[in-house]
Amino acid sequence: MARHRRSLEVSGVKHAAPIPMGARVGNMVFSSGIMGQDPATGKLPEDPEQQAYFAFQNMQAMMQEAGGDIGDIGHITVFIKDNSLREHVNKQWLAFYPDESDRPARHAILLDLPSGMLVQLEVIAVLKD
């Protein structure tokens, strides 16, 4: 039987749980929680601006691993530890999606994230092929 699903990873970024960073099923991509871990060091920075930066970079890397890009993302859920972190997320959001007529849907949820995590992303994407 042919495999319909392929796990996706981001080099240098790992979950503590035995789960992939995401999965491609046909032309759809679903992520697990994408954290702001620095892939060069494997560490989670304490600085919220750095965590937001690396979360978006890791999202982009996962989409490239899936065979797509950030333009294929239809929805992003942003989990933040508290509302003061929105400014850091919005800075990256505007850098990645400067055209207000070409942005994915987005929803932000306050969540008591574990282990020093301040920002986490979750995406759903539809690839062109």
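You'll find the structure just up there.
Since the structure is predicted, the reported quantities are computational estimates derived from the model, not experimental observations.

S.K.: Could you clarify how one ought to interpret the overall build of the protein chain in this entry?
M.R.: Along its length, the protein chain carries two helices and seven strands. In terms of overall dimensions, the protein chain is globule-like: its C-alpha atoms have a radius of gyration of 14 Å, near the 14 Å expected for 129 residues. Taken over 129 residues, the protein chain has a buried fraction of 42%. Residue pairs in contact within the protein chain that sit at least 24 positions apart in sequence constitute 64% of those at least 6 positions apart. Surface summary for the protein chain: the accessible area is close to 7100 Å², and the carbon and sulfur share equals 52%. Looking at charge distribution, the protein chain has the averaged site of its 12 positive side-chain charges lying 7 Å from that of its 16 negative ones.

S.K.: What's the story with the pairing of strand β2 (residues 22-25) in this structure? I'm lost.
M.R.: Side-chain positions along a regular strand alternate between the two faces of the sheet. Two strands pair when backbone bridges link them, and strand β1 (residues 5-8) and β2 are joined in this way by four bridges, in the antiparallel orientation. Paired with Ser-7 across the strands is Ala-23, a residue of β2. Pairing of β2 with strand β3 (residues 28-31), which is carried by four bridges, proceeds in the antiparallel orientation. When the sheet's bridge partners are listed, Val-25 is paired in β3 with Met-28. Hairpin remark: β2 followed by β3, antiparallel, with two residues in the connecting loop; positive phi at Gly-26, about 60°.

What counts, and where the lines are drawn
Residues numbered from 1 in each chain as written. Predicted model: local features only at pLDDT ≥ 70, side-chain atom pairs only at ≥ 80, totals over all residues. Heavy atoms only, no water. Helix = DSSP H or I, 4+ residues; strand = E, 2+ residues; numbered from the N terminus. Rg over C-alpha atoms; globule rule 2.2 N^0.38 Å. Buried < 20%, exposed > 50% of the residue type's maximum accessible area, 1.4 Å probe, protein only. Contact = heavy atoms within 4.5 Å. Areas by Shrake-Rupley, 256 points an atom, 1.4 Å probe, with all protein chains shown as cover. Lys, Arg positive; Asp, Glu negative; His and termini not counted. Charge placed at Lys NZ, Arg CZ, Asp CG, Glu CD. Pairing = 2+ DSSP bridges.

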